[in-house]
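Report on the structure
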Amino acid sequence: MSLTIDLIVIGAGSAGLAAAYAAKTAGVGDVLVIERESYSGGVLPQCVHDGFGLHVYGASLTGPEYIARWDKLTRDAGVRFWFDTSVLNVTRDDAANLDYSWQVEVAGAAAGGNTTMRARAVIVATGCRERTRGALNIPGTRPLGVMTAGTAQYMINIQNQLPGDEVVILGSGDIGLIMARRLTLEGAKVRLILGAEGTGLLRNHIRCVQDFNIPYREGWGIASIHGHGQLVGVTVAPYIDSTFEFDMDRAEFIRCNLLLLACGLIPEREVLNTVPNMGQSGIPVQGLFICGNAATPHDLVDQVTQESLLTGVQAASYILNKSASELTDMLPDDISYILKTDIQESKGSMRDFESKPGATAIPCTVCPTSCIVYIKEDGTCVGNTCTRGETYAQSELKCPMRTLTGTVRTDNPSRPLVPVRTSTEIPRDRMLDIAHDINKLSVSLLPNMGDVIVCNIANTDADLIVCA
Amino acid sequence: MKDLLLNHADVLIIGAGVVGCALARELSRYELDVLVVERAHDVGEGSSKANSGIVQAGFHARGGSLKGTSCVEGNRLMRELAAELDIPLVECGGLMVAFDEEGIEKIEEKLSRGQKSGAVGLEIISGDEARMLESRLSSAVVAAMWAPTTAIISPFDLVLALAENAHENGVQFWFNAEVEHIESANDIWRVSLKDGRTIEARYVVNAAGDMAALLDAQVTGDTYEVEPRKGEFLVFDKQDSATAITHVIYQAAQTDEGGTLLAPTVDGNLLAGPTSVDAETFADTASTKEGLEHVAAVARKLIPDLDMSYVIRNFAGVRANIVNVPKELKDFVVRESAPRFVSALGIKNPGLTSSPALAKLAVSLLEQAGLTLTPNPAFSPTRRAYVPFLKADATEQQRRLSENSNHAHVVCRCEAITAGDVIAALNRPLAPSSLAGVKRRLRCSMGRCQGQFCEPRINNIIANVQGVAAADVLGCEHNGRLVARSVK
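**Considering the overall build of chain A**
Tallying secondary structure elements over chain A gives 11 helices and 30 strands in all. A compact globule built from 468 residues should have a C-alpha radius of gyration of about 23 Å, and chain A, at 23 Å, falls within 12% of that. Taken over the C-alpha atoms alone, chain A extends approximately 70 × 50 × 50 Å along its principal axes. A fraction of 61% describes how many contacts in chain A between residues 6 or more apart in sequence connect residues 24 or more apart. When the accessible area of chain A is evaluated, it comes to approximately 18300 Å², of which 49% is carbon and sulfur surface. If the 38 positive side-chain charges of chain A are averaged to one point and the 51 negative ones to another, these points end up 2 Å apart.

Quick look at the structure:
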């Protein structure tokens, strides 16, 4: 079986969907997205927390909500999908067929085993993988219970499987912080987050670490891993100033049965190892495009969407031999708006700023501007650049409010959990209790996006709604 | 072959490591009831899985010693075995390199040792000649010994293939079967297991690795003291063929035990290691910062441009090291320790290479002790390896897809293993009972992502096939589990 397609997009994550949508909308005839999972979204379906789309939509969506928008847009545009299908390699064959010079070898039931397809252009949107214990070369034994934060997130939020309940998290990148909150809400004990330096978004430091009083140490690392069969604990130690050597005189043993690693992302483009003169260099060659985290890891999905839309337009420009600016004009206004958004956000932990004498510092998380608002003793605010900042800061001082996200059990074994969120914010200090209640719920029929599972949950005025 | 009833065996083999499995396969040539009891839940769980995978040429050990001669013979036998058992063996050749005059003396001495043990083709070559063979070799190398018979093999493939072939020829295997007590009664050995089962066997072979000396002491007052000695390794990701290291590279500057080396693997990875330090216990398989740094330093001494960012894993193995014999007299010990009780003691490097020869030696000791060896007419020396879906031809792919559409669904993308492959592995003879067992049979989760993508998925497939909850799937030895419980 040999198939010829105008554009093959590898990966149906946020990058692949945006690129496929843009290329199709710009006029490419046949766009096929190949996805190894049985659903689209890449990592986003397991990111049940909110905070996505703040820049491009001005709303704090959950991962499943964000991807639902792009899934619909892409399907409505007429993009085709092959799910449960893996790309094994990509090669270029100039001699055989000049129009369709890219060969993509795939495997999966939809492909009837493994098959080589031909395309005019290929967009690689394969995302990234997390740095593992092996790549970090941490010494010690090799028990189960040591895994990357994303693996734990998949197990917990998709599979309803808890890998451990006494947790140490190495690395203060966003996914480590997000998982600290998730595990806490799911009833596990996060004993410590530690890392060389604070690298996560400021809003995640506040909403994941500070909100739940999770012990957090910067400048510390894991000196050794202990346990045969199952993890029993780790030796942690501080780094000697500006070196990668540990001060073992201050080392401590911390008991845990789960060590999560949130230590950075590696673009995953090994499918291109078979492309001559390319390998891991990441330099695209004619008709081959790379976008999203496969190009370089991004902090925000908003950035991935923006970049991938541009990549989709570029691929269309290559295939249709038209100028990119001409094709960009074919995109609807709300999409063009995304292309024009300036996306930047503050990173760093709470120790990066301090309260001033006579004033309390409150980093605002309402929008990506991330103002530091100072509330003086007389109750007035300085530092905010809009009125929402003042409202937020006053509320943080009296009764901080948060959106609670999580999952609810179903009786469908192939999809054991559905993601949920509160329809509005609820008092921060009630999150743990309400999360505990949510964990006892179950639904029998698979609900739809927006369905209300519980009205006015725990008298908070918020409904618990399905967000996938 | 007869069914094994009432826990009787003609020959009981203790330990399903490489020596026990090689012996089991050798004994399956004859009409005998052979039972292998293994403490762990799978074959090859001890030192047999944690080593460099080198088929040694035989120049390390004292010339003419059992270590040296069994290694040379094992090297020859291993080629036949690999062909019969359908396992890859790559004849890469080895270089022992010298950086100075002292090193040259050392490689000359190794050459003489090898020749005394019967190793063929050894020769001293210049540094430039060595760099012609291995272009990235350090410019500081002034000479090398070329060992053309040095080869590489997958240690786990070897142990598994030996065990599978033995099993197909009638050998029984009991796992989770740890020997506690051995006594002699009326020319019969009565062996009690920790779980209460008892086996009666006229002949026993003790190939228990780290436990062998303790078991030996139960039948003789004259045994050896064996202590654990640790070796640590780094594993590198697969590299382009243009930059890959293609020979085993030893360095002459150290003693053979401390001799950290570089070895390609049959799967395209690169190993660096081992170290050699005394360990507290045989269970002490923890790698250490010092050890890993030593390995990295030596690796870069050999190949200065080695990219350490390709490291995907570290591990450590523990050797059974005889300590109450002077170093110059140290050797493998394979002997009849008590009537009809044969022990293999202190089997460490090059035990993997020597194992086929040591198995033949053990058979001859059993025969001398009175065991009757009647050829088994049904014996088949060949075994076919499982071919993963994506390596199968189109006809075979269609056949498997017609049985199960999951066959094409890739679960391990680093090693290109499909869900169908995992299901097939779980239905093979001597089926794996754990995540680790599936991993060693298929290599899934051994790649650059180290199972971060595939392990939960494979765990789910095992749970489905075994009909248990995900939290009840055995992860690895010592009762490790990937899943603790349901979240909610």
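Additional details are given in the paragraphs that follow.
**With respect to the sheet that holds strand E17 (residues 252-255) of chain A**
In a beta sheet, neighbouring strands are held together by backbone hydrogen bonds and run either parallel or antiparallel to one another. Residues and elements named next belong to chain A. Taken in spatial order, the three strands of this open sheet run E15-E16-E17, and their pairing is antiparallel. Where the open sheet ends on each side, the last strands, each with one partner, are strand E15 (220-226) and E17. Each adjacent strand pair in this sheet contributes to an overall mean axis angle of 35°, direction not counted. As judged from the six bridges shared by E15 and strand E16 (residues 233-238), these two strands associate in the antiparallel manner. Note that in E16 the partner of Ser224 across the bridge is Thr235.

**Here's the deal with empty space enclosed by the protein**
Within the structure shown, the criterion is met by seven cavities of 30 Å³ or more. Estimates place the volume of the largest cavity at around 50 Å³. Considering the residues around the largest cavity, the lining is formed by Val19(B), Leu23(B), Val205(B), Val334(B), Val342(B), Ser343(B), Ala344(B), Leu358(B), Ala359(B) and Ala362(B). For the lining of the largest cavity, the secondary structure elements donating two or more residues are helix H1 (18-27), strand E20 (341-345) and helix H8 (351-368) of chain B. Residues belonging to the lining of the largest cavity are distributed by class as follows: nine nonpolar, one polar and no charged. What lines the second largest cavity is Arg182(A), Leu185(A), Glu186(A), Leu404(A), Thr405(A), Gly406(A), Thr407(A), Ala435(A), Ile438(A), Asn439(A) and Lys488(B). Broken down by secondary-structure element, the contributors of at least two residues to the lining of the second largest cavity are helix H5 (174-185), strand E25 (405-410) and helix H11 (431-438) of chain A. The greatest single-element share of the lining of the second largest cavity, amounting to three residues, is contributed by E25(A). Broken down by class, the residue content of the lining of the second largest cavity amounts to four nonpolar, four polar and three charged.

**Looking at the confidence of the model for chain B**
All names here are of chain B. Of all residues in chain B, 98% attain a pLDDT of 70 or more, and the chain-wide mean is 94. This model gives residues 1-5 a pLDDT under 50, and the stretch forms 11 contacts once residues within four places in sequence are excluded. Prediction confidence for the complex, expressed as pTM and ipTM, is 0.95 and 0.94 respectively.

**So, the interface of chain B and chain A**
Between chain B and chain A, the contact holds 49 residues from the first and 47 residues from the second. Of the roughly 4100 Å² buried where chain B meets chain A, counting both sides, 52% is carbon and sulfur surface. For the chain B face of the interface with chain A, the top three residues by lost area are Gln452(B), Val487(B) and Lys488(B), together amounting to 20%. The tally of links from chain B across to chain A stands at five salt bridges. The partner of Glu186(A) in a salt bridge is Lys488(B), with the nearest N and O atoms 3.2 Å apart. Put simply, chain B and chain A have 23 residue pairs in polar contact (both at pLDDT 80 or more) between them. Within the residue set of the side of chain B that touches chain A, elements represented by two or more residues are helix H7 (289-302), strand E18 (311-322), helix H9 (394-403), helix H12 (455-466) and strand E23 (485-486) of chain B. Broken down by element, the residue count for the side of chain B that touches chain A peaks at six residues, all from E18(B). Per-class residue counts for the side of chain B that touches chain A are 22 nonpolar, 16 polar and 11 charged. Bridge count for strand E11 (residues 161-162) of chain A against E23(B) is two bridges, and the pairing is antiparallel. Its bridge partner lying in E23(B), Gln161(A) is registered against Ser486(B).

**Let's talk about the environment of Leu215(B)**
Residues and elements named next belong to chain B. With respect to the secondary-structure elements, Leu215 resides in helix H6 (residues 212-216). Considered as a pair, Leu215 and Gln450 are 235 residues apart in the sequence and their alpha carbons are 37 Å apart. The residues contacting Leu215, other than those within four sequence positions of it, are Ile14, Val179, Ile182, Asn206, Ala208 and Phe341.

**Details of the pattern of salt bridges**
In this structure the tally under the stated criterion is 52 salt bridges over all chains. In this structure, Arg402(A) engages Glu396(A) in a salt bridge whose closest nitrogen and oxygen atoms are separated by 2.7 Å. Taking the relative accessible area as the measure of exposure, Arg402(A) reaches 2% and is therefore buried. Under the relative-accessibility criterion, Glu396(A) is labelled buried at 14%. Sharing partners across several salt bridges, the network here consists of Arg129(A), Glu268(A), Glu270(A), Asp237(B), Arg413(B) and Arg448(B).

**Quick look at the sheet that holds strand E23 (residues 381-382) of chain A**
Residues and elements named next belong to chain A. Strand order in this open sheet of three strands is E21-E22-E23, and the pairing throughout is antiparallel. Two strands lie at the open edges of the sheet, namely strand E21 (359-363) and E23, each paired on one side alone. Bridge count between strand E22 (residues 372-376) and E23: two bridges; the pairing is antiparallel. The residue of E23 that forms the bridge with Ile375 is Cys381.

**A short note on the nonpolar core**
In terms of nonpolar packing, the biggest core is built from 66 residues, with Leu183(A), Leu260(A), Val422(B) and Ile458(B) touching the most fellow members. Ranked by residues supplied to this core, first place goes to H5(A) with six residues. When residues no more than four places from it in sequence are discounted, the contact partners of Val422(B) are Val411(B), Ile417(B), Val438(B), Leu442(B), Ile458(B) and Ile461(B). One finds Val19(B), Phe156(B), Ala207(B) and Leu358(B) within the second-largest nonpolar core, a separate group that totals 52 residues.

Procedures and definitions
Numbering of residues starts from 1 in every chain and runs along the sequence as written. Lettering for chains starts from A, numbering for ligands starts from 1, and both go in the order in which the items are written. Two thresholds apply to this predicted model, a pLDDT of at least 70 for residue-level local features and 80 or more for giving and counting side-chain atom pairs, whereas whole-chain, interface and lining totals are computed over all residues. Computation of side-chain values: all heavy atoms of the structure, hydrogens and water removed. By definition, any uninterrupted DSSP run of H or I lasting at least four residues is a helix, any uninterrupted run of E lasting at least two residues is a strand, and each is numbered from the N terminus. The reference for a compact globule is 2.2 Å times residues^0.38; the radius of gyration itself is calculated from the C-alpha atoms. By definition, residues are in contact when any of their heavy atoms lie within 4.5 Å. Here the Shrake-Rupley method, with its probe set to 1.4 Å, supplies the accessible areas, and only the displayed protein chains count as covering residues. Within this scheme the basic residues Lys and Arg register as positive and the acidic residues Asp and Glu register as negative, but His and the chain ends are omitted. By convention, charge coordinates are those of NZ in Lys, CZ in Arg, CG in Asp, or CD in Glu. Strands are labelled as partners when DSSP assigns at least two bridges between them. Angles here are taken between N-to-C directions and fall from 0 to 180 degrees, while the axes themselves are lines fitted to C-alpha atoms, restricted in helices to the stretch in contact. The definitions used throughout rest on a 1 Å grid laid over the protein atoms alone, on which a cavity is an enclosed set of points accommodating a 1.4 Å probe that cannot get out and a pocket is an open set flanked by protein within 12 Å on both sides along at least five of seven lines; lining residues are those having an atom within 4 Å of a point. Grid points are joined across faces, edges and corners, and a volume is the space filled by probe spheres set on the points. Polarity classes work like this: nonpolar for Ala, Val, Leu, Ile, Met, Phe, Trp, Tyr, Cys and Pro, charged for Asp, Glu, Lys and Arg, and polar for all others, with Gly in that last group. One number per residue, pLDDT, summarises how confident the predictor is, and it ranges from 0 to 100. Summed over both partners, buried area is the accessible surface (1.4 Å probe) that two parts give up on being assembled. When a carboxyl oxygen of Asp or Glu is within 4 Å of a side-chain nitrogen of Lys or Arg, the pair counts as a salt bridge. Think of a polar contact as two N or O atoms within 3.5 Å of one another; within protein, one of them needs to be a possible hydrogen donor and the other a possible acceptor, and neighboring residues in sequence only count if both atoms come from side chains. Burial here depends on accessible area, computed with a 1.4 Å probe over protein chains only, as a share of the maximum for the residue type. Under 20% is buried, over 50% is exposed, and the range in between is partly exposed. Residues belong to one nonpolar core when they are buried, are Ala, Val, Leu, Ile, Met, Phe, Trp, Tyr or Cys, and are joined through side-chain atoms within 4.5 Å.

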